[in-house]
Amino acid sequence: MGDFTAAINQVRTLARSGFLGAATFAAVVSGGVTTVALAERVGTAVVGGKTVVLDSDGTWKYQDGTAASAVGGSSKCDKFINISVCLATLGWEKSPTKMGTFEAVYSLNRKVYMGVISEPNGKKDGMTPELVQRAILNTAGGAGKMTPTDVPVLATSDKVDGLPDTRSISFTIPLNGTPFVYHVAYYIDEERTWQFAFWMVGKEFRKELLADVATALKSIKYE
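In this report, the structure presented in the accompanying data block is examined. (Residues numbered from 1 in each chain as written. Predicted model: local features only at pLDDT ≥ 70, side-chain atom pairs only at ≥ 80, totals over all residues. Heavy atoms only, no water.)

Now for helix α3 (residues 129-143). Compared with the 21 Å implied by 1.5 Å per residue over 15 residues, the 21 Å span of α3 between its first and last C-alpha is a close match. Residues of α3 that are buried include every one of Val 132, Ile 136, Leu 137, Thr 139, Ala 140, Gly 141 and Ala 143, and no others. Lys 145, located one to two residues past α3, shows a positive phi value of around 55°. (Helix = DSSP H or I, 4+ residues; strand = E, 2+ residues; numbered from the N terminus. Expected span 1.5 Å × (residues − 1). Buried < 20%, exposed > 50% of the residue type's maximum accessible area, 1.4 Å probe, protein only.)

Here's what the structure looks like:
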């Protein structure tokens, strides 16, 4: 936890400096890490015969790992403008509070995080995949204190399984000496640009989590 705490402290420094004011990928991702990762277990209770874990951020989940939002009468999908994200039944937990410019932030077992980002500029405004990728790397470079061309890009793809007209980029940057790895899928419709950003501590996504990321992306539906 030491390295992770150090990275969170670096995020706080960025927030105080005004870095989080930019509605760009690295900025809002950093804001999400600050809020989501700091939740701690504060107690347990028994609800309907099942043990429930209570967290300091006001969220809860069943001790067997079932997400609270996946049971009872709650909706299994979150609806955005022309987008649906259906992560509840996959074990992802949604933060109950809005974070920065994220539409929503989710976590899977506190190991990998995903944020939905929407910006009101689309194809009609001249947005292109090249411009989106350039903006991502520009801001990532600023966060990692390096030039955009020095950001270690792990992979790019002009196709994302299950999502039409969607591209992706993966890269890693250090925050206060701790490496973070990001995988961002992005989609441009006529009115808006969408980013589905996944991140975790490390220089690459661990193999056991890659399948979770792929499955999560397949839960996203364009309407």
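This part is about the packing of aromatic side chains. Applying the stated criterion to the full structure yields eight aromatic pairs. Look at Phe 102 and Trp 199: their rings are 5.9 Å apart centre to centre, the planes differ by 10°, and that puts the pair in the stacked class. You can see Phe 102 sitting in strand β7 (residues 102-108) and its partner Trp 199 sitting in strand β12 (residues 193-201), a full 97 residues away along the chain. Its relative accessible area of 1% is what places Phe 102 among the buried residues. Consider the rings of Tyr 187 and Tyr 222, whose centres lie 3.9 Å apart with planes at 15°: the pair is stacked. Within this pair, whereas Tyr 187 is found in strand β11 (residues 178-188), its partner Tyr 222 is found in strand β13 (residues 220-222), the two being separated by 35 residues in sequence. An identical accessibility class is assigned to Tyr 187 and Tyr 222; each is buried. Through a chain of ring-to-ring contacts, three or more aromatic side chains come together here, namely Phe 102, Tyr 113 and Trp 199. (Phe/Tyr/Trp six-rings, centres within 6.5 Å; stacked < 30°, edge-to-face > 60°.)

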